[in-house]
Amino acid sequence: GIRKCFPNHEGTRVALIDTSGTAWLYNPINDDCIQIADFPVTADRILWDSSDSTIFVACDQFNLHTFVYSQVEVGGSGVRCLGDVELGLQWELRIEPSPSPLQHGQIAVLVVDGTVTCQQASGGLYQQRLKSHDMSSNAHVADAVERQKGCMLQALALNRFPLAFKIGLALNARELWLAMGRRALECLDISWAKKAYRQAPAAGMVMYLDRIQTVEDKLLLSGHVSALFGDFAKARGYFLQSCSPETALDMHCDFLQWDQALQLAQTLAPHRLGDIYLKSAMQLEGKNQNEQALSHYEMAMRDHVPGTRGEHEALCRAGIARCSIRMGDLARGMQIALELNDPAVCRECAQVLAKMKQYVEAAQLYEAAGSYDQAASLYILDTNFEAAAPLMAKISTPKLHLQFAKAKESRGSYQDALVAYERARDLDSVVRICLVNLNQPQKAFQLVRETKLASGAERVAEYCRKNGNVAGAVEFYLLAKNDEEAFLLAERQDEMATYEAGLGDNGTRDQYKRIAKYYEQRNILAYAARHYANCEEYSTALKLYLKVGEKEIDHAIEVVGRARNDSLTHTLIDYLMGETDNVPKDANYVYRLHKALGNYMQAAGTAHIIAKQEQEMGNYKQAHQLLFRTYQDLKSQQLALPQELWRRLMLLHSYVIVKRLVKAGDHPSAAIMLVRVAKNIQQFPAHVVPILTSVVIECQRAKMIGESYQYACTLMKPEYRKDVSEQYRKKIENIVRKPPPDSDQRDVLEANLPCMYCGFSFVESQLDCLNCKNISPFCIASGMRMLKEDWSNCPACNFPARHSVFTATLQQNDQCPMCDSVVKPQEVTLVPDPVNQINYYKSLFQAAESESAPAPPPPPPPP
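Reading the values: rules and limits
- Residues numbered from 1 in each chain as written.
- Predicted model: local features only at pLDDT ≥ 70, side-chain atom pairs only at ≥ 80, totals over all residues.
- Heavy atoms only, no water.
- Pairing = 2+ DSSP bridges.
- Helix = DSSP H or I, 4+ residues; strand = E, 2+ residues; numbered from the N terminus.
- Axes fitted to C-alpha atoms, helices over the stretch in contact; angles between N-to-C directions.
- Salt bridge = Lys/Arg side-chain N within 4 Å of Asp/Glu carboxyl O.
- Buried < 20%, exposed > 50% of the residue type's maximum accessible area, 1.4 Å probe, protein only.
- Phe/Tyr/Trp six-rings, centres within 6.5 Å; stacked < 30°, edge-to-face > 60°.
- Lys NZ or Arg CZ within 6 Å of the ring centre and 35° of its normal.
- Core = buried A, V, L, I, M, F, W, Y, C linked by side-chain atoms within 4.5 Å.

1. Notes on the sheet that holds strand 12 (residues 107-112)
Pairing between the strands of a sheet comes from backbone hydrogen bonds, and it takes one of two forms, parallel or antiparallel.
Then, number 1: Strand order in this open sheet of three strands is 12-13-14, and the pairing throughout is antiparallel. At either end of the open sheet lies a strand with only one pairing partner, and these are strand 12 and strand 14 (125-129). With direction set aside, neighbouring strand axes in the sheet form an average angle of 30°.
Then, number 2: When strand 13 (residues 115-119) meets strand 14, the two strands line up antiparallel, connected through five bridges.

2. Structural notes on the pattern of salt bridges
Then, number 1: Enumeration according to the criterion identifies 29 salt bridges in this entry.
Then, number 2: Two residues, Asp 113 and Arg 160, come together in a salt bridge whose shortest N-O distance is 3.3 Å. Of this pair, Asp 113 sits in the loop between strand 12 and strand 13 while Arg 160 sits in the loop between helix 1 (145-157) and helix 2 (161-171), and the two are 47 residues apart along the sequence.
Then, number 3: The class for Asp 113 is partly exposed, based on a relative accessible area of 34%.
Then, number 4: One salt bridge connects Asp 210 with Lys 194, and the closest N-O pair in it is separated by 2.5 Å. Residue Asp 210 is located in helix 5 (residues 203-212), and its partner Lys 194 is located in helix 4 (residues 190-199); the two are separated by 16 residues in the primary sequence.

3. Topic: the packing of aromatic side chains
Then, number 1: By the definition in use, this model includes 22 aromatic pairs.
Then, number 2: Taking 5.3 Å as the distance between ring centres and 75° as the angle between the ring planes, the aromatic pair formed by Tyr 518 and Tyr 519 counts as edge-to-face. With respect to class, Tyr 518 is no different from Tyr 519; both count as buried.
Then, number 3: Seen from their ring centres, Phe 778 and Phe 799 are 6.0 Å apart, and the 40° between their planes marks the pair as tilted. One end of the pair, Phe 778, is in the loop between strand 16 (761-763) and strand 17 (791-793); the other, Phe 799, is in the loop between strand 17 and strand 18 (800-802), with 21 residues separating them in the sequence. Exposure class is identical for Phe 778 and Phe 799. Each is buried.
Then, number 4: Three or more aromatic residues link up through ring pairs in this structure, and these residues are Phe 628, Tyr 631, Trp 646, Phe 778 and Phe 799.
Then, number 5: It is Lys 195 that lies over the ring of Trp 192; its NZ or CZ is 4.2 Å from the centre.

4. Comments concerning the nonpolar core
Then, number 1: In this structure, Met 180, Val 460 and Tyr 499 are the most contacted members of the largest nonpolar core, which totals 158 residues.
Then, number 2: No other element matches the seven residues that helix 3 (residues 174-186) contributes to this core.
Then, number 3: Listed in part, the 80 residues of the second largest apolar core include Ile 672, Ile 681, Val 689 and Leu 844.

Now the structure itself:
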């Protein structure tokens, strides 16, 4: 029975001591009656703290024992004896009960916020702090860290979370925040737990607490908290007692504890048995417990309505297929796998069958899954080549094709073996089959030529040798890197041309030297010289070329250009000048020699002489091309351009473009170009009369009466009159008989345009500026002076041209007038600011005048 009763001041809590000395705490509000653990048997009185209804003190003659009551805790309510507080490894509070001692003769009569008022034997009163509260009254930020830590732990033991949070902000220690969060969770105070974990920080905990914060059922909440603390047995119990017992089932499913989940699902959620059986079966199958896994797969299908949950049905049937095969029921397993028509399931079952060495069945499933490599491999392993044959075209694995090819070859199916060897890229075997079994040598020859296969080439060379194909044997010995055998065979059978062709440009010096000696012994000097040059014996090569004569001079020049040897150069020059045979050679050879030696200025001088000769003979196009090439060579080498060469090129170009201008109907420009030529008619001695006749006719068409009359008078001179064509003689005589009133009307037909260098205006056909004395480049389309605001370049030769005139010319004739390259009008772009090119030409002509400074680098091509 109850021996003593101690209610608190409000009567909402009652502490009871029974006749056995055991203490109980009764809460009349929720009818809780909790046994007070660690209650001292010597205690005869209990005092309640008048300011904190959760604190009470058990008193005996010598000590005061402090207890704290938590109305809401994990699993219900609880009473804990307070004392020394420490922090555990998992940030839990470890409280060692420790009483507060009383002095002799004192009796506790009142407790207020941890302060005990005692009556002394003399009748006086004395106050002392309980040991569980002795640090909290002085807790503030200025205290030492250890004292503050102790204060916070005592505040947590007393469930005073606001005070603990305030101290925690000052300390900002992660372990203390984690301890506060755990203690708040033990008291099911989710709000304070979130605040603590947010300060820790522990984002995962905060997110999880957000999910359970709205849970009102204390048992359900206790289950979640117990699970967080890792006490899953208690969590299961709390879940089962809560308003949502199915949460216990969810917990077991999350932990893959399918046996316990199945037990709970029988009563709590029968509708979930199918999914749980399926997942349990998968786990058992992974553990190789196939019999039980098959049973669970079948149980998962027991209550399933066909056509309602396709994915669930497919997983179950796939599991049944795999387990049936493992259990030895191959027919059932294969039938189900094929009915599912799922490549993944077929592959899984095929893998199981392959491990069981059921190769044919595994191959059938691999084939159904589209895994033709694996299917063919198993068919070949089982020597079932008839089944493998249709699959070979779908396979890309060389190893399988090689296995199949060897099998077919062993059975005499050489054509099938050839196809398989080709797919396997076993080229040696392809060559062998073509030569030995199928009599298809040309296919073997072509394959070896394309692949440069050394081993195959050796086999083909032997085949050619046995069949009398010497040229083929030489060629393939070279491909097989058997140079010695190839040379000896070529030498004995006079197939050195084949040997040369096989070497190409990849021969060694010794190989070229052996070829040279071969030809030299047979007095085929030109061939011998070429190969002496290849092995860099230039002196011997030049000697043999000169022995051959003038038809090999080009090759002799090439040899001297490669050798860059003064002695060889003088030898060739003496030959070209006729000092060795008293027969001077064509000057073009000297020009080519200078170019080969890199003596571009000397080459330019020679080119000018040759061009002059060609021009005098009337070969104007050839002279024009030679001077243009020379100009490009000097430009590429950044060398000065001789003015004589430039002016001769300008005159020749002026004559060459006349036909284009006449065809385009531009008679004024044609007349101006012809007048330019006529002023230098002495450079065109072969066609003086035809040119002057053209000048007269075109000037008449262009209304340049004064120029027409002047050159008509020249034609009527005795030395020219007899050569004037009868077609034009009377017309020219009439022009001479009727002199114009104004002897020079040409200037009125030509526009005065500004100089690109200084801006001074003068007639556009004149290239030399009267003011700054600079030479302007000419337009390749019109022959007129270039203009700064109408600048473009030929995309092929980069020669300047007036954009408007050049594009109009290309509309009628798509060949560049200078280089004859095909140019589309849309390829020609206007240069908005040609200052770099203008400066280049200015420096170029100045350098040509001084002939001492190198020419400037050419400008970049226009965009």
